[in-house]
Amino acid sequence: MKRVAKALFALVIWAAGALFLTRLWLSNPDTGLSLPASWWQWLDGIYGSSNAEEVADLEFLVGFTIALVVLAVASVLAFCALRFVRSHQLQ
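Predicted, not measured: the structure shown is a model, and the values here were computed from it.

Undergrad: Break down the packing of aromatic side chains for me, with residues and values.
TA: For the structure on display, the rule yields 1 aromatic pair. Seen from their ring centres, F60 and F64 are 5.7 Å apart, and the 15° between their planes marks the pair as stacked. Residue F60 and its partner F64 are both found in helix α3 (residues 52-89); the two are separated by 4 residues, about one turn of the helix.

Below is the structure:
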C-alpha cells in the first residue's frame, strides 16, 4: 500500500507541476509557449473552435500537454541522475 501511495503522490505532484508551468506560460506568453502561427491555425482547424473561449481552452490543452511532456522528461532525467549518483557513492 505504501508503494501505491508514493505513486499516487508522485502523480499528483506531476500534475500540479504541469498546472503551475501551464499557468506560468499562459500568463507570460513571451517566456515559453511560442508555437508558430501555422501550428496554432492547424490545431484550431482540428479542434474546431468557434469562439474565443474555445480558443482559450485549446491554448490551455496544448500548454498542459507540453508541460506534462517537459516534466516527464525532466523527471526521468532526474531519476537517472539520482540512480547514477547513488550507484557511484557506494563504490
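Undergrad: Pulling in residues and values, what's your account of the packing of helix α1 (residues 2-27) against α3?
TA: Helix-helix packing is characterised by the crossing angle of the two axes and by the distance between the axes. Taken N-terminus to C-terminus, the directions of α1 and α3 make an angle of 125°; their axes are 8 Å apart at the nearest point. When the interaxial angle is binned, α1 and α3 end up oblique. For the crossing formed where α1 meets α3, the hand is right-handed. Residues W14, A15, G17, A18, L19, L21, T22, W25 and L26 of α1 form the contact with α3, whose own contacting residues are E59, F60, G63, F64, I66, A67, L68, V70, L71 and A72.

Reading the values: rules and limits
- Each chain carries its own residue numbering, running from 1 in the direction its sequence is written.
- Reporting in this predicted model follows two pLDDT cut-offs: at least 70 for local features of residues, and 80 or more for side-chain atom pairs to be given and counted; totals over whole chains, interfaces and linings ignore these cut-offs and use all residues.
- Water and hydrogen atoms play no part in the side-chain values, which are based on all heavy atoms of the structure.
- Two aromatic rings from Phe, Tyr or Trp, using only the six-membered ring of Trp, form a pair when their centres are within 6.5 Å; if the ring planes differ by under 30 degrees the pair is stacked, by over 60 it is edge-to-face, and anything between is tilted.
- Runs of E in the DSSP output that reach at least two residues are strands. Runs of H or I that reach at least four are helices, and both are numbered from the N terminus.
- Every axis in this analysis is a line fitted to C-alpha atoms, fitted for helices over the stretch in contact. Angles between the N-to-C directions lie between 0 and 180 degrees.
- Any angle that is under 35 degrees is reported as roughly parallel, and any over 145 degrees as roughly antiparallel; angles of 65 to 115 degrees are reported as roughly perpendicular and all others as oblique.
- By convention, the crossing between two helices is left-handed when the near helix turns anticlockwise from the far helix through less than a right angle, and right-handed when the turn is clockwise.
- In this analysis, two residues are considered to be in contact whenever any of their non-hydrogen atoms come within 4.5 Å of each other.

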